[in-house]
Amino acid sequence: RLHYTPNTAMRLWKKVSLLVIGLSCLTFLAFVPIQEINNDSDAITEILNKVRNDASLSSEERAQLLEQAISLIQKAKTNNLEDISFAALRSGDSLLFRKFNGIVLKKTQALENSFSLGMTHWDLGDFLSDVKPDSAFYHYQKAYKALSLATLEEESSHLPSSLLLNIASLKDNIKDYVGAEKDVIMAISSIKKNNRSDWLFRAYNQLGTIQNGLNKPEKALEYHNKAKTYIQYAPVNRQESYRLSNANNLASVHLRQKDFKTAYELYSALEDQNQLKTINTRLYAKVITSRAYSGYQSGQLTLEQVEDAVRQSDSILDSIDYKYGQARNYEYYAQVLVAEKDTTRAIAQVAKAAALAEETNNNDRLLSALKLLSTIDRRNSTKHAQRYFILNEHLQQKEREIQDKFARIRLETDEIIEENVSLAKDRQIFAGIAFALLIGGIGVFIIINQKVHNQRLKFKQKQQKSNQEIYNLLLSQQAMLEEGKKTEQKRISQELHDGILGQLLGIRLFFSGLNERTDEEAITQRGELLVKMQDVEEEIRTISHELNEAAYEKVDNFILSIQQLIKDVGEASQISIGFDHDQKYSWNKLEGDLKINIYRILQECLQNCVKHSKCKNISVNFATTEKMLNLNVKDDGVGFDSFKGKKGIGLRNIISRTKEINGHLDIKSSPGKGALFQITIPVQTLGIQPNTLKSKEKTTEIV
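Throughout what follows, the structure given in this document is the object of discussion. The structure presented is a predicted model; accordingly, all values stated were derived computationally and were not measured. (Residues numbered from 1 in each chain as written. Predicted model: local features only at pLDDT ≥ 70, side-chain atom pairs only at ≥ 80, totals over all residues. Heavy atoms only, no water.)

## Some thoughts on the packing of aromatic side chains
Then, in step 1: Taken as a whole, this structure holds 12 aromatic pairs when the rule is applied.
Then, in step 2: For the ring pair Tyr204 and Tyr223, a centre distance of 6.3 Å and an interplane angle of 20 degrees mean the geometry is stacked. With Tyr204 in helix H10 (residues 200-213) and Tyr223 in helix H11 (residues 217-229), the pair connects residues that are 19 residues apart, well separated along the chain.
Then, in step 3: Of the residues examined, Tyr204 reaches a relative accessible area of 4% and is grouped as buried.
Then, in step 4: With 5.6 Å between their ring centres and 10 degrees between their planes, Tyr204 and Tyr230 make a pair best called stacked. Of this pair, Tyr204 sits in helix H10 while Tyr230 sits in the loop between H11 and helix H12 (236-256), and the two are 26 residues apart along the sequence. Take Tyr204 and Tyr230: they sit in the same class, and that class is buried.
Then, in step 5: Taken together, the ring pairs connect Phe558, Phe579, Tyr585, Trp587 and Phe622 into an aromatic cluster.
Then, in step 6: Looking at Lys352, its charged tip hangs above the ring of Tyr330, at a distance of 4.3 Å from the centre. (Phe/Tyr/Trp six-rings, centres within 6.5 Å; stacked < 30°, edge-to-face > 60°. Helix = DSSP H or I, 4+ residues; strand = E, 2+ residues; numbered from the N terminus. Buried < 20%, exposed > 50% of the residue type's maximum accessible area, 1.4 Å probe, protein only. Lys NZ or Arg CZ within 6 Å of the ring centre and 35° of its normal.)

## Remarks on a nonpolar patch on the surface
Then, in step 1: Where nonpolar side chains cluster on the molecular surface, the patch consists of Phe435, Leu438, Ile439, Ile442 and Ile446 and spans about 490 Å² of accessible area.
Then, in step 2: Within the element layout of this structure, Phe435 appears in helix H20 (residues 381-512).
Then, in step 3: Relative accessible area serves as the criterion here: at 53%, Phe435 is assigned to the exposed category. (Patch = residues over 30% accessible without salt bridge, like charges linked within 9 Å, V, L, I, M, F, W, Y side chains within 5 Å. Areas by Shrake-Rupley, 256 points an atom, 1.4 Å probe, with all protein chains shown as cover. Salt bridge = Lys/Arg side-chain N within 4 Å of Asp/Glu carboxyl O.)

## Considerations on unusual backbone geometry
Then, in step 1: With a phi angle near 60 degrees, Lys258 is a residue other than glycine that sits in the positive phi range.
Then, in step 2: Position of Lys258 among the secondary structure elements: in the loop between H12 and helix H13 (260-271).

## Quick look at the packing of H10 against H12
Then, in step 1: Remark: H10 packs on H12, axes separated minimally by 11 Å, with the N-to-C direction vectors making an angle of 15 degrees. Judged by the angle between their axes, H10 and H12 are roughly parallel. Between H10 and H12 the crossing geometry is left-handed. Counted together, Phe201, Asn205, Asn212 and Gly213 of H10 and Tyr242, Ser245, Asn246, Asn249, Val253 and Arg256 of H12 form the full contact between these two elements.
Then, in step 2: Considered class by class, the residues forming the contact of H10 with H12 number 3 nonpolar, 6 polar and 1 charged. (Axes fitted to C-alpha atoms, helices over the stretch in contact; angles between N-to-C directions. Parallel < 35°, antiparallel > 145°, perpendicular 65-115°, else oblique. Left-handed = near helix turned anticlockwise from the far one by under 90°. Contact = heavy atoms within 4.5 Å. Nonpolar A, V, L, I, M, F, W, Y, C, P; charged D, E, K, R; others polar.)

## Some thoughts on the nonpolar core
Then, in step 1: Membership of the largest hydrophobic core comes to 59 residues, with the highest contact counts inside it found for Leu66, Ile84, Phe100, Trp122 and Tyr204.
Then, in step 2: By size, the runner-up hydrophobic cluster in this structure holds 44 residues, among which are Leu276, Ala327, Tyr333 and Ala334. (Core = buried A, V, L, I, M, F, W, Y, C linked by side-chain atoms within 4.5 Å.)

## Here's the deal with the environment of Ser613
Then, in step 1: Counting through the fold element by element, Ser613 comes out in helix H23 (residues 592-613).
Then, in step 2: On the basis of relative accessible area, Ser613 is assigned to the buried category, the value being 7%.
Then, in step 3: Note: C-alpha distance between Ser613 and Gly637 (24 residues apart in sequence) is 4.5 Å.
Then, in step 4: With sequence-adjacent residues up to four places away left out, Ser613 is seen in contact with Asn608, Asp635, Gly637 and Val638.
Then, in step 5: Reaching out from Ser613, the side chain makes a polar contact with the backbone oxygen of Cys609 at a distance of 2.4 Å. (Polar contact = N/O pair within 3.5 Å; in protein donor to acceptor, adjacent residues only side chain to side chain.)

## A few points about the pattern of salt bridges
Then, in step 1: Within the structure shown, the criterion is met by 12 salt bridges.
Then, in step 2: Linking Asp198 and Arg196 is a salt bridge whose minimum nitrogen-to-oxygen distance equals 2.9 Å.
Then, in step 3: Note that Asp308 and Arg311 form a salt bridge whose closest N and O atoms lie 2.3 Å from each other. One end of the pair is Asp308 and the other is Arg311, both in helix H16 (residues 303-319) and 3 residues apart, which spans about a single turn.
Then, in step 4: On the basis of relative accessible area, Asp308 is assigned to the partly exposed category, the value being 43%.
Then, in step 5: Look at Arg311 and you get exposed, because its relative accessible area is 51%.
Then, in step 6: The network of salt bridges with common partners includes Glu307, Asp342 and Arg345.

## Points about the packing of H10 against H11
Then, in step 1: It is the contact of H10 with H11, at a shortest axis distance of 8 Å, that shows an interaxial angle of 165 degrees. Taken together, the axis directions place H10 and H11 in an arrangement best described as roughly antiparallel. Here the hand of the crossing between H10 and H11 comes out left-handed. Contacts between H10 and H11 involve Phe201, Tyr204, Asn205, Leu207, Gly208, Thr209, Gln211 and Asn212 on the former and, on the latter, Lys219, Ala220, Tyr223, His224, Lys226, Ala227 and Lys228.
Then, in step 2: Its residues placed into classes, the contact of H10 with H11 shows 6 nonpolar, 6 polar and 3 charged.

## Quick look at the pairing of strand S4 (residues 664-669)
Then, in step 1: In S4, alternate side chains face the same way, and those of Leu665, Ile667 and Ser669 are buried while those of His664, Asp666 and Lys668 on the opposite face are not.
Then, in step 2: Sheet topology note: the S4/strand S5 (residues 675-682) ladder contains 6 bridges and is antiparallel. The residue of S5 that forms the bridge with Asp666 is Gln678.
Then, in step 3: The antiparallel hairpin formed by S4 and S5 contains 5 residues in its connecting segment, where Gly672 sits at a positive phi of about 85 degrees. (Pairing = 2+ DSSP bridges.)

Below you can see the structure in the form of structure tokens.
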């Protein structure tokens, strides 16, 4: 159990204050090198841009630059390690990405940086989305969980919703249209909640694509038209791209529903857009074939026009090495040839489409090509149909497996999220308890501190009262001594006057009777005796008057106490102590607390000189001005360096008492030159008015 005293409380309070000041200083210093951080940030940005965009760099050079960027990020303590992973992803170097994505994942997990961890998992999900959808889904889920736990700035508030759209796209690809629809609707709700209309085009556009997969053309058209209304809120640099994509999606819905006339009109309007080829070359090549096919099916284009369009589209796709899209061209061309009853050429074109689809893992196109072959290639119809059913069964099984994996990953993620929510609630409860304990502790500390403060005040008051009583007893004793002296003086004065002087007067009168004798000798003797008696009478009268006057003079007990203190110290130490004081000042009118403090200050000064100075002489001076009392104690001892060294308890007592009477202490000393203690006390502090002195008389007493 702690025993609280005034000194204990003060020490505790000082430690707390120093801790707060120290933390404030550290916080300030942490923000001082702003220029250096800014410079590092610029260097990091330059390095990452070079890694992403400079195709001439080798893999080793990119790795060295990314290592340098990691060092700069850790030095600047910005924690934006996710930029390293993103730069490696955009470089197109898969080995480089896997290496640095792994490094960043470990570092962000160690730092418990939810935002960086989420963005790094997101990069890995994007990397795996085309080759391992189940692994991509796993990392997307990890990213979503991390970003949901992170504190996001306003400009990053859309990230979880955007990630949900990526997850929906994965589900769309494996034909989990219901799951994809659910994720998109959830994303739209979050986007609207965060007032991010700039992301609503992408969400509604994706929802329209899902409805097309669900074979709900009316809903698909509804959502694509709704997406069109949000293009205006998208970033300006993306609006044209979004407008072209939306127009293609609307045309595709009509094409799938075999509304060839409307599809042809929409594709024609889209093909006429001059910027389409520049903005999206792949889409431009696709639009050319789609327009030709819908135009032929609606009776507005000829076979030759379709062939020219397919050749043009093939040429464009060859130039960008995009075989994935060429399979579609050959299948559409084959369907036109079937309509022209050119079965031989149609089979050749479908076979090319199937080969390209198989080569590019375009399973949907491969299935449609095999289905068409089983219809038009009667010689190999069974073979094509068997291959179709095997592939279709395999794909469906694979899709079911992936959907099951998605479900398990989602379930595990939901369980983790629920666990995190439970842990978060527990943490909130513990935080609430800790906060309550902290508040309670602070309250107890304040109460204890207040009690200690009150005890200090009471202790100080009692000490002052005791000091006053001690000093009053001292003054009373001194007054009684002086009063006894004066009483004795008065008694002697009365004895001289009433006794001796009366007797002498009688003798003088007696001898005056001898004047009747007429002999010469008697006359001479009487005359001499009378002269002597008159002299004695005059002398006694003078002494009596002086003694009686001194008895009624003012007795200044405070100065007498000071003189007695100086006398006692001088006799005990065999040191010559001189004392000067202003005799005209009303020293005895000082308040008792001030007198005892002045007395104790002088006592400590003298003791300090006796113990440490090795002096031979000490001078004490009490002087006054109209506004100040000046108390000076000077010795001729060894002196000391007043700016160095530890303050002893005596000096601390002098400082403390000086502060109590609102005085000021000035110590002047240097080695070998003695020491001077100067105490100045404002007159208004004393509660009395100074005498108006035109001349000051001082006495010097050497003990």
